[in-house]
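The chain contents come next:
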Amino acid sequence: MAKQTKQARKFRSSGELKRKIETRQKYQKIKKRITASRGKKSKGKPNLSDERGKPMKPVKETLAEESDEFEDDVPTNRFQGMSVDDFLQGDFMEEDNSQDDGDEDLEQDELGGSDNESFSSVDDLQDEAEDHLMDLKALADNDPEFYKYLQENDQELLNFDASAPLDESTDGEESAGMILDGDEVGTKEKSGDDDVPHLTSDILKQWQKGLLEYRSLRALRKLLLAFRSAANMNDSEPTKTGWTIDDPAVFNKLIVTSFKYTPVVLNHHIPYKTLPNGKFKAPAQSTKQKSLGKLVLSYFFNVLHLISQLSDPDMLTMAVSESSKIIPYVTTSRKAVKQYIKGIYPAFVRASKATTVHTIPSINLMKNSASDIYCIDQAMSYQHGFGYIRQLAVHLRNSMKLKSTEAYRQVYNWQFVHSVDFWSLVLAKACTQELHNTDESELRPLIYPLVQITVGAVRLIPTARYYPLHLHLIRSLLQLMRHTKTYIPLAPFILPIITGPISPTTKSKPSTLRPLDITIHIRAPTQYLGTKVYNESIVEESTFVLAEWCETLQGSIAFPEIMVPILMVLKRAVKKSKGGKISGCVKALIEKIEDGVRWAENQRSNVGFAPGMDKEVKEWEAKVTLGEAPIGKWTGLQRKARERKRELLEKVSNLYLPPPQGGYRMAGGTSKLTKFYCFGIIHIIQLRREKRRMLLYRNETIWEQ
């Protein structure tokens with residue numbers, strides 16, 4: 001039930017409600033008198049005439065004439081002529097602009113009047129309305145002729161709805177703003193002018209007292225109105241605000257109070273349940289929940305607007321952590337969820353444009369968080385995913401048609417790579433949920449177009465310079481393949497990356513460059529092309545990716561047959577190579593694949609069904625444990641070794657001191673011989689540090705083996 005306002009209390013205290021009810025009773029008496037005058041002719045057409053044979057006036061006009069005595073006694077005010085239907089429907093329930101209402105509201109906040117009492121007082125009015133509605137329904141059965149007359153002359157009476165909420169309005173931020181505007185009038189200063197009041201620390205303390213001691217909803221509404229003013233005070237376009245905030249201390253106190261107190265008050269009035277698995281159950285639907293839901297949506301959108309303006313890290317952390325507590329209330333509004341999801345992906349794409357070693361952790365965090373949000377409502381996510389994946393397809397088609405440098409840049413950039421990886425992560429998580437649900441994921445149809453787009457991007461420029469980008473895209477498909485149980489033939493794209501550097505026609509140039517970190521590169525720098533360092537990094541990464549792909553297929557009953565062409569290509573390439581560290585990585589992979597083939601043949605040696613029996617094949621594959629397979633064990637050890645290597649490189653990188661910005665400079669008058677000597681010493685120091693780093697890495701690798 002909606003909260004009873006000051007106007008409702010005035011309406012009842014003035015006696016107008018009682019008079020209207022008595023008028024309705026008078027109405028019923030007149031109807032009975034007319035029915036009795038008809039006598040036994042009630043079965044036929046009603047004869048509306050008096051005892052002298054003159055036509056009688058309609059019942060509605062008769063009631064209006066006989067109720068004049070009641071109308072003369074009613075004082076002239078805004079409720080004059082209002083029916084009980086209008087009162088119960090709550091058309092007048094808005095805050096009054098008078099100064100008395102503001103004073104009484106302030107007194108109620110200071111005294112800490114309970115909001116539940118206001119709701120219970122409105123319940124009494126709702127019970128009376130339900131009784132009257134039952135009488136109207138019974139009238140159709142008892143006296144159908146009079147009911148037909150009411151249909152023709154008083155349709156408003158028959159359309160009376162007792163279950164309608166007292167404050168109907170549309171969902172969203174605009175309706176919430178209308179509610180807040182109602183309190184804005186009540187918070188005007190006592191001077192009575194139209195100036196916007198100034199928020200002071202004393203007023204904020206009164207609100208805090210009402211929120212802490214009484215969980216006052218009125219204080220919460222005023223607080224959120226002031227918060228809306230604070231969030232929009234720096235906008236270029238002028239907007240109507242309820243408060244003026246001049247003191248920075250009051251501004252900070254208002255923001256902190258809104259963040260800290262709002263979840264507490266909401267949880268008191270409309271609590272939600274936290275399930276054992278960490279998820280939450282939205283609060284039950286009720287009139288209070290609908291009314292407060294509009295305030296929550298307004299507060300939520302204002303928080304998002306404020307976050308884009310904050311620069312203080314501590315305030316940003318508080319805004320994100322505290323606003324996350326109102327998520328259970330926001331998810332009940334489909335409009336708010338749709339609007340929020342619509343802006344997630346564009347924000348992620350904009351943030352992923354500049355990818356460095358420092359920004360990758362934040363990009364991965366955004367990627368994981370956004371993918372979880374998209375998996376909440378898969379039907380809505382399908383619409384967004386279909387449109388955004390289609391945009392990727394359009395960029396790829398333009399690049400394939402135009403074949404220009406600008407067209408290629410539309411695909412070969414970090415935004416495209418992160419977009420493919422993001423949607424592969426979304427589809428992987430959505431299809432993983434199928435294990436807990438019997439229904440198929442609604443996002444599964446998007447797997448095929450995403451795979452086709454990714455494969456087309458890999459084939460676009462098949463050169464060694466873009467091998468890092470190819471490996472990024474292949475890893476995204478590998479992740480999709482592992483979680484969706486969908487076979488994707490990735491070997492034709494990985495084998496050329498492995499066999500190219502070890503072919504006899506490829507001559508690796510010696511270089512003292514540091515190993516290329518493929519995780520933060522999609523294009524190899526010019527100085528790395530053709531070097532031994534680059535070829536070793538590429539082959540090492542691609543062999544590990546191929547091993548992971550073989551690991552996902554280890555549980556297939558057809559694993560030995562799938563590995564036949566792969567082993568043939570790898571053995572031929574190793575046989576023609578000149579040996580060295582690169583060939584050693586490939587030989588180790590060949591040995592593990594052969595061990596996996598023998599293990600799979602032993603596992604299926606006692607199988608008694610044919611390959612065409614799909615049910616038995618799926619049951620056999622479900623029993624296979626990938627961790628016990630030779631390739632699974634080897635890739636597990638490789639992951640640990642790569643993780644230790646990454647940590648070691650991070651430690652060693654701290655020992656390398658890059659030259660200052662602008663390079664080393666000598667004082668004026670220094671001879672060329674002195675300059676050459678000093679730069680030579682600096683170069684030797686850097687070479688020794690590089691040699692120390694390589695020695696530490698080599699010892700770590702030997703220890704792992």
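Preceding this paragraph is the structure being described.
Cut-offs used in this document
- Within each chain, residue numbers correspond to sequence positions counted from 1 in written order.
- For a predicted model such as this one, the threshold for reporting local features is a pLDDT of at least 70, and the threshold for listing and counting side-chain atom pairs is 80 or more; totals across whole chains, interfaces and linings nevertheless cover every residue.
- Side-chain measures here rest on the full set of heavy atoms in the structure, leaving out hydrogens and waters.
- Axis lines are fitted to C-alpha atoms, over the contacting stretch for helices. Their N-to-C directions set the angle, which ranges from 0 to 180 degrees.
- Only DSSP runs of H or I covering at least 4 residues are called helices, and only runs of E covering at least 2 are called strands; the numbering of each starts at the N terminus.
- By definition in this entry, angles of less than 35 degrees are roughly parallel, angles greater than 145 are roughly antiparallel, angles of 65 to 115 are roughly perpendicular, and the rest are oblique.
- In a left-handed crossing the near helix is turned counterclockwise from the far helix by less than a right angle, and in a right-handed crossing that turn is clockwise.
- It only takes one pair of heavy atoms within 4.5 Å for two residues to be counted as in contact.
- Salt bridges are identified by distance alone: a Lys or Arg side-chain nitrogen within 4 Å of an Asp or Glu carboxyl oxygen.
- To form a nonpolar core, buried Ala, Val, Leu, Ile, Met, Phe, Trp, Tyr and Cys residues must be joined to one another through side-chain atoms within 4.5 Å.
- Throughout this description, buried means an accessible area under 20% of the type-specific maximum (1.4 Å probe, protein chains only), exposed means over 50%, and partly exposed covers the range between.
- Think of a 1 Å grid over the protein atoms and nothing else: a 1.4 Å probe that fits but is trapped marks a cavity, an open set flanked by protein within 12 Å on at least five of seven lines marks a pocket, and residues with an atom within 4 Å of a point count as lining.
- Grid points are joined across faces, edges and corners, and a volume is the space filled by probe spheres set on the points.
- Asp, Glu, Lys and Arg are counted as charged, while Ala, Val, Leu, Ile, Met, Phe, Trp, Tyr, Cys and Pro are counted as nonpolar; the rest, among them Gly, fall into the polar class.

**Side note on the packing of helix H14 (residues 287–307) against helix H17 (residues 334–351)**
What describes two packed helices is the angle between their axes and the distance between those same axes.
Moving on, step 1. At a minimum axis separation of 11 Å, H14 and H17 run at an interaxial angle of 10 degrees. The orientation of H14 with respect to H17, classified from their angle, is roughly parallel. Considering how the two elements wind past one another, H14 and H17 form a crossing that is left-handed. From H14, Leu297, Phe300, Phe301 and Leu304 reach across to H17, where they touch Ala336, Gln339 and Tyr340.

**What about the pattern of salt bridges?**
Moving on, step 1. According to the stated counting rule, one finds 14 salt bridges in the structure shown.
Moving on, step 2. Its salt-bridge partner being Asp372, residue Lys429 comes within 2.8 Å of it at the nearest N-O pair. Pair noted here: Lys429 is in helix H21 (residues 414–432) and Asp372 is in helix H18 (residues 360–374), with a separation of 57 residues, a long-range link.
Moving on, step 3. One salt bridge in this structure joins Glu541 and Arg642, with 2.8 Å as the shortest N-O distance. With Glu541 in helix H25 (residues 532–553) and Arg642 in helix H29 (residues 630–653), the pair connects residues that are 101 residues apart, well separated along the chain.
Moving on, step 4. Ionic contacts of the salt-bridge type, sharing partners, join the residues Arg475, Glu541, Glu548, Glu551, Arg639 and Arg642 into one network.

**Details of the nonpolar core**
If you look at soluble globular proteins, the nonpolar side chains tend to sit buried side by side.
Moving on, step 1. Counting residues in hydrophobic clusters, the biggest one holds 77 residues, and the most contacted among them are Tyr374, Trp423, Leu546, Trp549, Met563, Leu570 and Ile593.
Moving on, step 2. Here the element with the most residues in this core is H21; it accounts for 10 residues.
Moving on, step 3. With residues up to four places along the chain from it excluded, the contact list for Ile593 reads Cys550, Phe559, Met563, Leu567, Leu570 and Ile631.
Moving on, step 4. Within the second largest apolar cluster, 41 residues are counted, among which are Leu199, Leu220, Phe300 and Tyr329.

**Details of unusual backbone geometry**
Moving on, step 1. Its identity is not glycine, yet Arg215 carries a phi of approximately 50 degrees, on the positive side.
Moving on, step 2. Structurally, the position occupied by Arg215 is in the loop between helix H11 (201–214) and helix H12 (217–231).
Moving on, step 3. Look at Arg215 and you get partly exposed, because its relative accessible area is 22%.
Moving on, step 4. One non-glycine residue with positive phi stands out, namely Lys403, at about 55 degrees.

**Brief notes about the layout of surface pockets**
Moving on, step 1. Taken as a whole, the second largest pocket spans an internal volume of roughly 1,600 Å³.
Moving on, step 2. Lining the second largest pocket are 34 residues, and of these Tyr340, Ile344, Ser369, Ala370 and Ile373 sit closest to its centre.
Moving on, step 3. Secondary structure elements with two or more residues in the lining of the second largest pocket: H14, helix H15 (313–323), helix H16 (327–330), H17 and H18.
Moving on, step 4. The biggest single contributor to the lining of the second largest pocket is H17, with 10 residues.
Moving on, step 5. Partitioned by chemical class, the residues of the lining of the second largest pocket number 21 nonpolar, 8 polar and 5 charged.

In short, the description is geometric, and any link to function would need to be established separately.
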